[in-house]
Amino acid sequence: AQKVTQAQTEISVVEKEDVTLDCVYETRDTTYYLFWYKQPPSGELVFLIRRNSFDEQNEISGRYSWNFQKSTSSFNFTITASQVVDSAVYFCALSEANEARDDKIIFGKGTRLHILP
Amino acid sequence: EPEVTQTPSHQVTQMGQEVILHCVPISNHLYFYWYRQILGQKVEFLVSFYNNEISEKSEIFDDQFSVERPDGSNFTLKIRSTKLEDSAMYFCASSARQSTNYGYTFGSGTRLTVV
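Everything numeric in this text was worked out from a predicted model, so none of it was measured.

Peer 1: What exactly am I supposed to notice about the overall build of chain A here?
Peer 2: Along its length, chain A carries 0 helices and 12 strands. Starting at the N terminus and ending at the C terminus, chain A contains elements arranged as β-β-β-β-β-β-β-β-β-β-β-β. The C-alpha radius of gyration of chain A comes to 14 Å, within 12% of the 13 Å expected for a compact globule of 117 residues. Along the longest, intermediate and shortest principal axes, the C-alpha atoms of chain A span 50 × 30 × 20 Å. Counting the 117 residues in chain A, one finds 50% classified as buried. Taking all contacts inside chain A whose residues are at least 6 apart in sequence as the whole, residues at least 24 apart take part in 56%. Accessible area for chain A stands at about 5,700 Å²; split by element, carbon and sulfur atoms hold 49% of it. Here chain A carries 12 positive and 16 negative side-chain charges, and the mean point of each set is 3 Å from the other.

Peer 1: Would you mind showing me how to read the pairing of strand β2 (residues 10-14) of chain A here?
Peer 2: Sheet faces and side chains relate simply in a regular strand, where the side chains alternate between the two faces. Residues and elements named next belong to chain A. The alternating pattern of β2 places I11 and V13 on a buried face, while none of E10, S12 and V14, on the opposite face, is buried. In this sheet, strand β12 (residues 111-116) lies alongside β2 in parallel orientation, the contact comprising 5 bridges. The residue of β12 that forms the bridge with V14 is L116.

Peer 1: Help me understand the state of the cysteines in this model?
Peer 2: Simply put, disulfide is the name for a covalent bond between the sulfur atoms of two cysteines. Inspection of the entire model under this criterion finds 2 disulfides over all chains. Two residues, C23 of chain A and C92 of chain A, share a disulfide whose sulfurs are 1.9 Å apart. Here the disulfide of C23 of chain A and C92 of chain A is left-handed, its torsion about the S-S bond being about -65°. With C23 of chain A in the loop between β3 (19-21) and β4 (24-26) and C92 of chain A in strand β10 (residues 88-96), this pair connects stretches of sequence that are 69 residues apart. Taking relative accessible area as the criterion, C23 of chain A reaches 0% and is therefore assigned buried. Two residues, C23 of chain B and C92 of chain B, share a disulfide whose sulfurs are 1.9 Å apart. The sign of the S-S torsion, about -65°, decides the handedness of the disulfide formed by C23 of chain B and C92 of chain B: left-handed.

Peer 1: Sorry if this is basic, but what is going on with the pattern of salt bridges here?
Peer 2: Pairing is possible between side chains that carry opposite charge, provided their charged atoms lie close to one another. Residue and element names in this part refer to chain A. Tallied over the full model, the rule gives 5 salt bridges over all chains. Close ionic contact of R51 with E59 constitutes a salt bridge, the shortest N to O distance being 2.7 Å. Here R51 falls in the buried class, since its relative accessible area comes to 7%. Of the charged contacts in the structure, one is a salt bridge between R63 and D86, with a shortest N-O distance of 2.8 Å. You can see R63 sitting in the loop between β7 (59-61) and β8 (64-69) and its partner D86 sitting in the loop between β9 (74-79) and β10, a full 23 residues away along the chain. Several salt bridges share partner residues, and in doing so they unite R51, D55 and E59 into one network.

Peer 1: What should I look at first to understand the sheet that holds strand β8 (residues 75-79) of chain B in this one?
Peer 2: Pairing between the strands of a sheet comes from backbone hydrogen bonds, and it takes one of two forms, parallel or antiparallel. All names here are of chain B. Ordered in space as β1-β3-β8-β7, the 4 strands form an open sheet in which the pairing is antiparallel. Each edge of the open sheet carries a strand with a single partner, namely β1 (5-7) and β7 (65-68). When strand polarity is set aside, the average angle formed by the axes of neighbouring strands in this sheet is 20°. Here 4 bridges tie β7 to β8, and the two strands are oriented antiparallel to one another. Each bridged residue has a counterpart across the sheet, and for V67 the counterpart in β8 is L77.

Rules and cut-offs
- Residues numbered from 1 in each chain as written.
- Chains lettered and ligands numbered in written order.
- Predicted model: local features only at pLDDT ≥ 70, side-chain atom pairs only at ≥ 80, totals over all residues.
- Heavy atoms only, no water.
- Helix = DSSP H or I, 4+ residues; strand = E, 2+ residues; numbered from the N terminus.
- Rg over C-alpha atoms; globule rule 2.2 N^0.38 Å.
- Buried < 20%, exposed > 50% of the residue type's maximum accessible area, 1.4 Å probe, protein only.
- Contact = heavy atoms within 4.5 Å.
- Areas by Shrake-Rupley, 256 points an atom, 1.4 Å probe, with all protein chains shown as cover.
- Lys, Arg positive; Asp, Glu negative; His and termini not counted.
- Charge placed at Lys NZ, Arg CZ, Asp CG, Glu CD.
- Pairing = 2+ DSSP bridges.
- Disulfide = S-S within 2.5 Å.
- Salt bridge = Lys/Arg side-chain N within 4 Å of Asp/Glu carboxyl O.
- Axes fitted to C-alpha atoms, helices over the stretch in contact; angles between N-to-C directions.

Here's what the structure looks like:
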């Protein structure tokens, strides 16, 4: 069965600090996709990244970076030099890429991030 | 960039009433989904739809729920007799190909309030 665990329910940091959001996943498939979504107070889901299970290279996009460690089944997300606009709920998610099954996305419970001015 | 469009953005309905949520998926996508997010909780899969039929549904998707693609462009979620606990944000999504998540796109959601 698929499962995504985001152990941090809520995090508060002061602006300009770095912050890492943890994500641990479980799946029996060897091929899968991992995602991060941002949900601002307005409620929409903003896509941040999708990572294929075969691609363990870390990724950096501006102030955002992702650390994919297959050995520990983790896909952590770091925001460098945080800004107030980063305040949101962040969801880690997993989808199994199995031709015989549907590719529904399983979400973690989310981490609410507060960036304090 | 192509979008998944959901209407209305907010719907208020009385308990026991039927409600239909509307979605226009991206035009060349073949796979369609509905998800639900109760306030303050995680996003949960409801149902997936391909080739004019349901391909998978969750335990949440009971007999009160149905989906339809009536005209080749719209994808609707109907709740037959709403309950208070159906109050949630409902997200529609579409994707181009199964098992690759190619172009998997969410709409901006419909907030359903049952009173």
